[in-house]
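In case you want the letters, here they are:
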Amino acid sequence: MSTNVDEAPAGPRSERPRVQVLDALRGIAILGIFFINLPIMVGPLGKTDAKSTAPSPEHAGGAIGLLVDGTQRGLLQMLFGAGMLLLTARAARPDGPVAVADDYFRRNQWLLGIGLVHVFLVRWAYDIVHVYALAALFLFPFRLVRPTTALLLGLTFAALTLVGAVPGFGGAPGPESGPGVAAGGLARDRAVEMWLATFDGFGFWSVLLESLCTMLVGVALFKWGVLQGLRSRPFYLALAAAAYAVGCTARLMAQAPGEHGAPTGGDFGEVGRLSLAVGHIAAVNLAWQTAVGRWLLHPFIAAGRTALSLYVMQSIVGLWVLASLPGLTRTAGTGDDHLVATAAIVALVQLLTANLYLRFFKSGPVEWVWHRLLNLGRTTPAKKAGTESEGASAPSAQRSDT
(Lines give C-alpha, C1' and ligand atoms only; values in the text may rest on other atoms or scores of the structure.)
Protein backbone atom coordinates (compact mmCIF):
# COMPACT_ATOMS: atom_id res chain seq x y z
CA MET A 1 0.00 0.00 0.00
CA SER A 2 1.47 1.88 1.91
CA THR A 3 0.91 2.97 -0.12
CA ASN A 4 2.30 6.69 -0.33
CA VAL A 5 -0.88 7.48 -1.92
CA ASP A 6 -1.65 10.96 -0.94
CA GLU A 7 -0.65 14.41 -0.31
CA ALA A 8 0.46 13.09 3.01
CA PRO A 9 0.24 15.57 5.83
CA ALA A 10 3.76 16.26 6.99
CA GLY A 11 2.99 17.40 10.47
CA PRO A 12 1.77 20.63 12.00
CA ARG A 13 5.06 22.06 13.15
CA SER A 14 6.77 22.81 9.87
CA GLU A 15 5.97 23.48 6.26
CA ARG A 16 7.68 21.11 3.88
CA PRO A 17 7.95 22.02 0.21
CA ARG A 18 6.76 19.39 -2.22
CA VAL A 19 9.21 17.87 -4.65
CA GLN A 20 7.15 17.74 -7.82
CA VAL A 21 9.03 14.94 -9.53
CA LEU A 22 8.33 12.73 -6.49
CA ASP A 23 4.64 13.54 -6.82
CA ALA A 24 4.77 12.66 -10.52
CA LEU A 25 6.50 9.34 -9.77
CA ARG A 26 3.90 8.56 -7.13
CA GLY A 27 1.07 9.41 -9.50
CA ILE A 28 2.47 7.14 -12.22
CA ALA A 29 2.91 4.34 -9.69
CA ILE A 30 -0.57 4.55 -8.19
CA LEU A 31 -2.25 4.60 -11.59
CA GLY A 32 -0.03 1.80 -12.87
CA ILE A 33 -0.94 -0.44 -9.95
CA PHE A 34 -4.51 -0.68 -11.20
CA PHE A 35 -3.34 -2.55 -14.31
CA ILE A 36 -2.09 -5.32 -12.02
CA ASN A 37 -4.89 -5.24 -9.46
CA LEU A 38 -7.86 -5.18 -11.85
CA PRO A 39 -7.50 -8.80 -13.07
CA ILE A 40 -7.42 -9.95 -9.44
CA MET A 41 -10.47 -7.86 -8.56
CA VAL A 42 -12.63 -9.20 -11.38
CA GLY A 43 -11.21 -12.67 -11.92
CA PRO A 44 -11.92 -16.09 -10.40
CA LEU A 45 -10.03 -16.51 -7.13
CA GLY A 46 -8.71 -19.87 -8.25
CA LYS A 47 -6.86 -18.56 -11.30
CA THR A 48 -5.24 -15.22 -10.60
CA ASP A 49 -2.25 -14.51 -8.37
CA ALA A 50 -1.58 -10.99 -7.18
CA LYS A 51 2.13 -11.33 -7.71
CA SER A 52 2.57 -13.58 -10.72
CA THR A 53 2.09 -12.06 -14.14
CA ALA A 54 3.84 -13.88 -16.97
CA PRO A 55 4.73 -11.78 -20.00
CA SER A 56 2.72 -12.76 -23.04
CA PRO A 57 4.03 -11.15 -26.25
CA GLU A 58 0.82 -11.60 -28.17
CA HIS A 59 -1.15 -9.43 -25.72
CA ALA A 60 -0.82 -5.88 -24.42
CA GLY A 61 -0.59 -7.55 -21.03
CA GLY A 62 2.82 -8.91 -21.99
CA ALA A 63 4.38 -5.47 -21.62
CA ILE A 64 2.37 -4.91 -18.45
CA GLY A 65 3.66 -8.12 -16.95
CA LEU A 66 7.25 -7.37 -17.92
CA LEU A 67 7.54 -3.68 -17.04
CA VAL A 68 4.71 -2.88 -14.61
CA ASP A 69 3.98 -5.91 -12.42
CA GLY A 70 5.61 -5.32 -9.05
CA THR A 71 7.59 -2.28 -10.19
CA GLN A 72 4.86 0.18 -9.22
CA ARG A 73 4.90 -1.35 -5.77
CA GLY A 74 8.66 -0.84 -5.79
CA LEU A 75 8.27 2.84 -6.74
CA LEU A 76 5.83 3.45 -3.91
CA GLN A 77 8.06 1.70 -1.40
CA MET A 78 11.10 3.73 -2.46
CA LEU A 79 9.05 6.91 -2.25
CA PHE A 80 8.03 5.93 1.26
CA GLY A 81 11.75 5.90 2.12
CA ALA A 82 12.17 9.35 0.61
CA GLY A 83 9.08 10.55 2.45
CA MET A 84 10.50 9.39 5.77
CA LEU A 85 13.59 11.55 5.20
CA LEU A 86 11.50 14.57 4.23
CA LEU A 87 9.18 14.17 7.20
CA THR A 88 11.94 13.67 9.75
CA ALA A 89 14.55 16.12 8.46
CA ARG A 90 14.70 18.03 11.73
CA ALA A 91 14.85 14.82 13.75
CA ALA A 92 17.92 13.78 11.78
CA ARG A 93 19.92 16.12 14.01
CA PRO A 94 21.04 14.72 17.36
CA ASP A 95 19.06 17.48 19.09
CA GLY A 96 16.03 17.14 16.80
CA PRO A 97 12.65 17.73 18.45
CA VAL A 98 10.71 14.80 19.82
CA ALA A 99 7.63 16.27 18.16
CA VAL A 100 8.94 15.21 14.74
CA ALA A 101 9.11 11.58 15.80
CA ASP A 102 5.68 11.90 17.40
CA ASP A 103 4.19 13.22 14.16
CA TYR A 104 5.88 10.49 12.13
CA PHE A 105 4.61 7.63 14.26
CA ARG A 106 1.13 9.13 14.60
CA ARG A 107 0.75 9.48 10.82
CA ASN A 108 1.77 5.90 10.19
CA GLN A 109 -0.43 4.54 12.97
CA TRP A 110 -3.42 6.31 11.46
CA LEU A 111 -2.32 5.13 8.03
CA LEU A 112 -2.38 1.59 9.39
CA GLY A 113 -5.96 2.16 10.48
CA ILE A 114 -6.95 3.49 7.06
CA GLY A 115 -5.42 0.42 5.44
CA LEU A 116 -7.37 -1.93 7.71
CA VAL A 117 -10.59 -0.08 6.89
CA HIS A 118 -9.70 -0.62 3.23
CA VAL A 119 -9.36 -4.36 3.90
CA PHE A 120 -12.45 -4.92 6.03
CA LEU A 121 -14.87 -2.30 4.68
CA VAL A 122 -13.95 -1.98 1.00
CA ARG A 123 -12.95 -5.69 1.06
CA TRP A 124 -9.63 -5.45 -0.78
CA ALA A 125 -7.59 -8.31 0.66
CA TYR A 126 -4.38 -7.25 -1.09
CA ASP A 127 -4.24 -3.76 0.41
CA ILE A 128 -0.68 -2.45 0.72
CA VAL A 129 -1.39 0.64 2.78
CA HIS A 130 -1.38 -1.15 6.13
CA VAL A 131 1.73 -3.12 5.15
CA TYR A 132 3.62 0.06 4.26
CA ALA A 133 2.46 1.76 7.45
CA LEU A 134 3.84 -1.11 9.53
CA ALA A 135 7.11 -1.18 7.58
CA ALA A 136 7.45 2.59 8.01
CA LEU A 137 7.34 2.18 11.79
CA PHE A 138 10.51 0.06 11.54
CA LEU A 139 12.07 2.47 9.03
CA PHE A 140 12.43 5.46 11.36
CA PRO A 141 15.66 4.34 13.14
CA PHE A 142 17.44 4.13 9.76
CA ARG A 143 17.11 7.83 8.96
CA LEU A 144 20.73 8.52 10.00
CA VAL A 145 22.46 5.66 8.15
CA ARG A 146 24.83 6.38 5.28
CA PRO A 147 23.30 5.84 1.82
CA THR A 148 25.67 2.97 1.05
CA THR A 149 24.62 1.23 4.26
CA ALA A 150 20.96 1.83 3.48
CA LEU A 151 21.42 0.33 0.00
CA LEU A 152 23.19 -2.77 1.30
CA LEU A 153 20.49 -3.32 3.92
CA GLY A 154 17.85 -2.70 1.27
CA LEU A 155 19.27 -5.40 -0.97
CA THR A 156 19.02 -7.97 1.82
CA PHE A 157 15.62 -9.23 0.71
CA ALA A 158 16.71 -9.65 -2.91
CA ALA A 159 19.74 -11.59 -1.69
CA LEU A 160 17.54 -13.85 0.44
CA THR A 161 15.32 -14.64 -2.55
CA LEU A 162 18.37 -15.48 -4.66
CA VAL A 163 19.55 -18.11 -2.18
CA GLY A 164 16.04 -19.48 -1.70
CA ALA A 165 15.72 -18.29 1.90
CA VAL A 166 12.25 -16.86 1.21
CA PRO A 167 10.31 -19.98 0.15
CA GLY A 168 7.27 -19.40 -1.97
CA PHE A 169 7.72 -15.65 -2.01
CA GLY A 170 5.06 -13.82 -3.92
CA GLY A 171 3.31 -11.90 -1.20
CA ALA A 172 -0.02 -13.02 0.05
CA PRO A 173 -0.88 -16.66 -0.50
CA GLY A 174 -2.57 -15.68 -3.71
CA PRO A 175 -6.02 -16.70 -4.83
CA GLU A 176 -4.65 -19.92 -6.26
CA SER A 177 -4.21 -21.23 -2.70
CA GLY A 178 -7.92 -21.69 -2.34
CA PRO A 179 -10.62 -23.33 -4.44
CA GLY A 180 -11.73 -21.45 -7.50
CA VAL A 181 -14.82 -19.35 -6.97
CA ALA A 182 -16.77 -16.93 -9.06
CA ALA A 183 -15.60 -13.34 -9.25
CA GLY A 184 -17.49 -10.35 -7.94
CA GLY A 185 -19.55 -10.56 -4.79
CA LEU A 186 -18.27 -13.93 -3.61
CA ALA A 187 -14.68 -12.78 -4.05
CA ARG A 188 -15.46 -9.74 -1.91
CA ASP A 189 -17.13 -11.90 0.72
CA ARG A 190 -13.95 -13.95 1.06
CA ALA A 191 -11.63 -10.94 1.23
CA VAL A 192 -11.36 -10.83 5.01
CA GLU A 193 -10.86 -14.59 5.21
CA MET A 194 -8.04 -14.34 2.67
CA TRP A 195 -6.45 -11.44 4.54
CA LEU A 196 -6.54 -13.28 7.86
CA ALA A 197 -4.98 -16.35 6.25
CA THR A 198 -2.28 -14.16 4.77
CA PHE A 199 -1.56 -12.42 8.06
CA ASP A 200 -1.27 -15.76 9.82
CA GLY A 201 1.08 -17.19 7.20
CA PHE A 202 4.58 -16.46 5.96
CA GLY A 203 3.35 -14.36 3.05
CA PHE A 204 2.48 -11.28 5.07
CA TRP A 205 5.83 -11.17 6.81
CA SER A 206 7.72 -11.63 3.56
CA VAL A 207 5.87 -8.67 2.03
CA LEU A 208 6.58 -6.64 5.17
CA LEU A 209 10.30 -7.42 4.87
CA GLU A 210 10.22 -6.69 1.15
CA SER A 211 8.60 -3.31 1.84
CA LEU A 212 11.08 -2.31 4.53
CA CYS A 213 14.08 -3.31 2.40
CA THR A 214 12.80 -1.47 -0.67
CA MET A 215 12.12 1.61 1.44
CA LEU A 216 15.77 1.51 2.49
CA VAL A 217 16.77 1.46 -1.17
CA GLY A 218 14.62 4.59 -1.51
CA VAL A 219 16.45 6.16 1.43
CA ALA A 220 19.77 5.57 -0.33
CA LEU A 221 18.54 6.91 -3.68
CA PHE A 222 17.12 10.02 -2.03
CA LYS A 223 20.31 10.74 -0.09
CA TRP A 224 22.25 10.44 -3.34
CA GLY A 225 19.84 12.84 -5.06
CA VAL A 226 18.71 10.22 -7.57
CA LEU A 227 15.01 10.10 -6.68
CA GLN A 228 14.43 13.85 -6.70
CA GLY A 229 16.21 14.62 -9.98
CA LEU A 230 19.46 16.14 -8.73
CA ARG A 231 21.77 14.15 -11.02
CA SER A 232 22.78 14.91 -14.60
CA ARG A 233 21.13 13.78 -17.81
CA PRO A 234 24.01 11.46 -18.75
CA PHE A 235 23.74 9.87 -15.31
CA TYR A 236 20.01 9.16 -15.67
CA LEU A 237 20.46 7.93 -19.24
CA ALA A 238 23.17 5.48 -18.18
CA LEU A 239 21.20 4.40 -15.09
CA ALA A 240 18.02 3.79 -17.11
CA ALA A 241 19.86 1.74 -19.74
CA ALA A 242 21.65 -0.40 -17.14
CA ALA A 243 18.61 -0.85 -14.90
CA TYR A 244 16.29 -1.84 -17.75
CA ALA A 245 18.86 -4.25 -19.15
CA VAL A 246 19.35 -5.98 -15.80
CA GLY A 247 15.67 -5.83 -14.91
CA CYS A 248 14.30 -7.26 -18.14
CA THR A 249 16.93 -9.99 -18.20
CA ALA A 250 16.27 -10.98 -14.59
CA ARG A 251 12.51 -10.94 -15.07
CA LEU A 252 12.67 -13.08 -18.19
CA MET A 253 14.96 -15.50 -16.36
CA ALA A 254 12.44 -15.67 -13.52
CA GLN A 255 9.73 -16.55 -16.04
CA ALA A 256 11.83 -19.18 -17.80
CA PRO A 257 10.44 -22.74 -17.53
CA GLY A 258 11.85 -24.77 -14.67
CA GLU A 259 12.29 -28.51 -14.31
CA HIS A 260 8.58 -29.26 -14.49
CA GLY A 261 7.65 -26.58 -16.99
CA ALA A 262 6.59 -24.00 -14.38
CA PRO A 263 8.38 -20.63 -14.09
CA THR A 264 11.43 -20.66 -11.85
CA GLY A 265 9.69 -17.99 -9.79
CA GLY A 266 11.23 -15.58 -7.35
CA ASP A 267 14.92 -16.56 -7.74
CA PHE A 268 15.53 -13.59 -10.04
CA GLY A 269 12.14 -11.95 -9.76
CA GLU A 270 13.06 -9.58 -6.92
CA VAL A 271 16.23 -8.48 -8.68
CA GLY A 272 14.16 -7.74 -11.78
CA ARG A 273 11.52 -5.87 -9.79
CA LEU A 274 14.04 -3.59 -8.07
CA SER A 275 16.04 -2.97 -11.24
CA LEU A 276 13.00 -2.07 -13.32
CA ALA A 277 11.70 0.25 -10.59
CA VAL A 278 15.05 2.07 -10.60
CA GLY A 279 14.86 2.18 -14.40
CA HIS A 280 11.45 3.87 -14.18
CA ILE A 281 12.85 6.41 -11.70
CA ALA A 282 15.75 7.19 -14.02
CA ALA A 283 13.50 7.48 -17.09
CA VAL A 284 11.05 9.84 -15.36
CA ASN A 285 13.83 12.05 -14.02
CA LEU A 286 15.50 12.10 -17.42
CA ALA A 287 12.24 13.24 -19.00
CA TRP A 288 11.70 15.75 -16.18
CA GLN A 289 14.87 17.60 -17.19
CA THR A 290 13.33 18.56 -20.53
CA ALA A 291 10.52 21.04 -21.14
CA VAL A 292 8.47 18.52 -23.10
CA GLY A 293 9.00 15.86 -20.47
CA ARG A 294 7.86 18.13 -17.65
CA TRP A 295 4.79 19.08 -19.67
CA LEU A 296 3.89 15.42 -20.24
CA LEU A 297 4.51 14.45 -16.62
CA HIS A 298 2.83 17.46 -15.03
CA PRO A 299 -0.70 15.93 -14.91
CA PHE A 300 0.65 13.06 -12.81
CA ILE A 301 1.58 15.48 -10.02
CA ALA A 302 -2.09 15.78 -9.04
CA ALA A 303 -2.43 11.99 -9.07
CA GLY A 304 0.55 11.75 -6.74
CA ARG A 305 -0.92 14.29 -4.35
CA THR A 306 -4.22 12.38 -4.19
CA ALA A 307 -2.70 8.89 -4.41
CA LEU A 308 -4.35 7.45 -1.30
CA SER A 309 -7.79 8.57 -2.47
CA LEU A 310 -7.18 7.17 -5.95
CA TYR A 311 -6.04 3.86 -4.50
CA VAL A 312 -9.23 3.45 -2.47
CA MET A 313 -11.28 4.60 -5.44
CA GLN A 314 -9.69 1.89 -7.60
CA SER A 315 -10.79 -0.80 -5.15
CA ILE A 316 -14.35 0.50 -5.04
CA VAL A 317 -14.57 0.68 -8.84
CA GLY A 318 -12.87 -2.66 -9.40
CA LEU A 319 -14.52 -4.73 -6.69
CA TRP A 320 -17.97 -3.20 -6.54
CA VAL A 321 -18.59 -2.05 -10.12
CA LEU A 322 -16.38 -3.77 -12.70
CA ALA A 323 -16.44 -7.16 -10.95
CA SER A 324 -20.20 -7.21 -11.49
CA LEU A 325 -19.87 -6.92 -15.28
CA PRO A 326 -19.94 -10.38 -16.95
CA GLY A 327 -17.89 -9.15 -19.89
CA LEU A 328 -14.93 -8.46 -17.64
CA THR A 329 -15.16 -11.45 -15.33
CA ARG A 330 -14.96 -14.17 -17.96
CA THR A 331 -11.14 -14.25 -17.76
CA ALA A 332 -8.59 -13.25 -15.19
CA GLY A 333 -5.11 -12.63 -16.62
CA THR A 334 -3.39 -9.32 -17.23
CA GLY A 335 -2.61 -10.70 -20.67
CA ASP A 336 -6.22 -9.98 -21.67
CA ASP A 337 -6.33 -6.90 -23.85
CA HIS A 338 -9.84 -5.94 -22.75
CA LEU A 339 -8.70 -5.74 -19.13
CA VAL A 340 -5.69 -3.61 -20.08
CA ALA A 341 -7.99 -1.27 -22.01
CA THR A 342 -10.44 -1.09 -19.10
CA ALA A 343 -7.65 -0.29 -16.65
CA ALA A 344 -6.34 2.40 -19.02
CA ILE A 345 -9.77 4.04 -19.20
CA VAL A 346 -10.15 4.03 -15.42
CA ALA A 347 -6.62 5.41 -14.97
CA LEU A 348 -7.32 8.20 -17.45
CA VAL A 349 -10.55 9.13 -15.68
CA GLN A 350 -8.72 9.15 -12.36
CA LEU A 351 -5.96 11.33 -13.79
CA LEU A 352 -8.49 13.87 -15.04
CA THR A 353 -10.46 13.71 -11.80
CA ALA A 354 -7.38 14.33 -9.66
CA ASN A 355 -6.36 17.38 -11.67
CA LEU A 356 -9.86 18.81 -11.58
CA TYR A 357 -10.31 18.07 -7.87
CA LEU A 358 -7.12 19.87 -6.84
CA ARG A 359 -8.30 23.00 -8.58
CA PHE A 360 -10.80 23.40 -5.79
CA PHE A 361 -9.28 21.52 -2.85
CA LYS A 362 -5.83 21.24 -1.30
CA SER A 363 -5.79 17.45 -0.94
CA GLY A 364 -7.81 14.33 -1.77
CA PRO A 365 -10.78 13.31 0.42
CA VAL A 366 -9.00 10.38 2.08
CA GLU A 367 -5.91 12.52 2.61
CA TRP A 368 -8.14 15.18 4.19
CA VAL A 369 -9.54 12.64 6.64
CA TRP A 370 -6.03 11.42 7.39
CA HIS A 371 -4.86 14.94 8.15
CA ARG A 372 -7.81 15.52 10.49
CA LEU A 373 -7.10 12.28 12.31
CA LEU A 374 -3.51 13.38 12.85
CA ASN A 375 -4.76 16.47 14.63
CA LEU A 376 -7.04 14.61 17.03
CA GLY A 377 -6.03 15.24 20.61
CA ARG A 378 -3.62 18.07 19.79
CA THR A 379 -3.67 20.98 22.20
CA THR A 380 -2.40 23.36 19.50
CA PRO A 381 -4.11 23.52 16.09
CA ALA A 382 -1.91 22.35 13.25
CA LYS A 383 -2.13 25.61 11.34
CA LYS A 384 -0.82 27.61 14.27
CA ALA A 385 2.72 26.51 13.53
CA GLY A 386 2.50 26.68 9.77
CA THR A 387 0.47 25.75 6.74
CA GLU A 388 -0.62 22.27 5.87
CA SER A 389 2.36 20.11 5.27
CA GLU A 390 3.20 18.78 1.90
CA GLY A 391 5.39 15.80 2.67
CA ALA A 392 6.12 13.07 0.20
CA SER A 393 5.21 9.87 1.94
CA ALA A 394 2.33 7.39 2.15
CA PRO A 395 0.37 6.15 -0.83
CA SER A 396 1.03 9.59 -2.10
CA ALA A 397 4.49 8.60 -1.63
CA GLN A 398 3.72 5.06 -1.64
CA ARG A 399 0.69 2.94 -1.51
CA SER A 400 -0.14 0.45 -3.77
CA ASP A 401 0.63 -2.29 -5.83
CA THR A 402 -1.60 -4.92 -4.83
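As shown above, the structure is provided for reference.
What counts and what doesn't
Residues numbered from 1 in each chain as written. Predicted model: local features only at pLDDT ≥ 70, side-chain atom pairs only at ≥ 80, totals over all residues. Heavy atoms only, no water. Helix = DSSP H or I, 4+ residues; strand = E, 2+ residues; numbered from the N terminus. Phe/Tyr/Trp six-rings, centres within 6.5 Å; stacked < 30°, edge-to-face > 60°. Buried < 20%, exposed > 50% of the residue type's maximum accessible area, 1.4 Å probe, protein only. Expected span 1.5 Å × (residues − 1). Arc of directions from axis to C-beta. Axes fitted to C-alpha atoms, helices over the stretch in contact; angles between N-to-C directions. Parallel < 35°, antiparallel > 145°, perpendicular 65-115°, else oblique. Left-handed = near helix turned anticlockwise from the far one by under 90°. Contact = heavy atoms within 4.5 Å. Nonpolar A, V, L, I, M, F, W, Y, C, P; charged D, E, K, R; others polar. Core = buried A, V, L, I, M, F, W, Y, C linked by side-chain atoms within 4.5 Å. Salt bridge = Lys/Arg side-chain N within 4 Å of Asp/Glu carboxyl O.

**Student:** I'd like a description of unusual backbone geometry, backed by residues and values.
**Tutor:** You will see that Arg-123, though not glycine, has its phi angle at about 75 degrees, which is positive. Assignment of secondary structure puts Arg-123 in the loop between helix H4 (98-120) and helix H5 (129-139).

**Student:** How would you summarise the packing of aromatic side chains if you had to cite specific residues and measurements?
**Tutor:** Geometrically, a pair of aromatic rings is defined through the distance of the ring centres and the angle of the planes. All told, the structure shown has 7 aromatic pairs when counted by the stated rule. With 5.6 Å between their ring centres and 80 degrees between their planes, Phe-80 and Tyr-132 make a pair best called edge-to-face. Of this pair, Phe-80 sits in helix H3 (residues 71-87) while Tyr-132 sits in helix H5, and the two are 52 residues apart along the sequence. For Phe-80, a relative accessible area of 2% translates into the label buried. By relative accessible area, which is 0% here, Tyr-132 ends up buried. Taken together, the ring pairs connect Tyr-104, Phe-105 and Phe-140 into an aromatic cluster.

**Student:** Before we move on, could you go through helix H15 (residues 307-320) and cite the residues and values that matter?
**Tutor:** Taking 1.5 Å of rise per residue, 14 residues should cover 20 Å, and H15 covers 20 Å from first to last C-alpha, within 8% of that figure. Buried within H15 we find Ala-307, Leu-308, Ser-309, Leu-310, Tyr-311, Val-312, Gln-314, Ser-315, Gly-318 and Leu-319.

**Student:** Please provide a residue-by-residue account of helix H6 (residues 147-154), values included.
**Tutor:** The set of residues buried in H6 consists of Pro-147, Ala-150 and Gly-154. End-on view of H6: buried residues confined to an arc of 60 degrees, all on one side of the axis.

**Student:** Mind laying out the packing of H15 against helix H18 (residues 365-374), listing which residues take part and the relevant values?
**Tutor:** The description of two helices packed together rests on the angle between their axes and the distance between the axes. The geometry of H15 relative to H18 is characterised by a closest axis approach of 6 Å and an angle of 120 degrees between their N-to-C directions. Compared by their axis directions, H15 and H18 come out oblique. When the axes of H15 and H18 are compared, the crossing they make is right-handed. Residues Ala-307, Leu-308, Ser-309 and Val-312 of H15 form the contact with H18, whose participating residues are Pro-365, Val-366, Glu-367 and Trp-370. Partitioning the contact of H15 with H18 into residue classes produces 6 nonpolar, 1 polar and 1 charged.

**Student:** Outline the nonpolar core, listing residues and values.
**Tutor:** Ile-30, Met-78, Leu-139, Leu-221, Leu-227 and Ile-281 are the most contacted members of the largest nonpolar core, which totals 92 residues. Among the elements that make up this core, the one with the highest residue count is helix H1 (residues 20-42) (15 residues). Leu-221 has contacts with Met-78, Val-226, Leu-227, Gln-228, Val-278 and Ile-281, leaving out every residue within four places of it along the chain.

**Student:** I'd like a rundown of the pattern of salt bridges, residues and numbers included.
**Tutor:** Scanning the entire structure with this criterion turns up 4 salt bridges. A salt bridge links Glu-210 to Arg-273; the shortest N-O distance between them is 3.7 Å. Taken as a pair, Glu-210 in helix H10 (residues 202-223) and Arg-273 in helix H12 (residues 266-288) lie far apart in primary sequence, 63 residues in all. With respect to burial, Glu-210 and Arg-273 carry one shared label: buried. Arg-273 is the salt-bridge partner of Glu-270, the closest N and O atoms lying 2.9 Å from each other. Of the two residues, Glu-270 and Arg-273 both sit in helix H12, 3 residues apart, roughly one turn of that helix. For Glu-270, a relative accessible area of 4% translates into the label buried.

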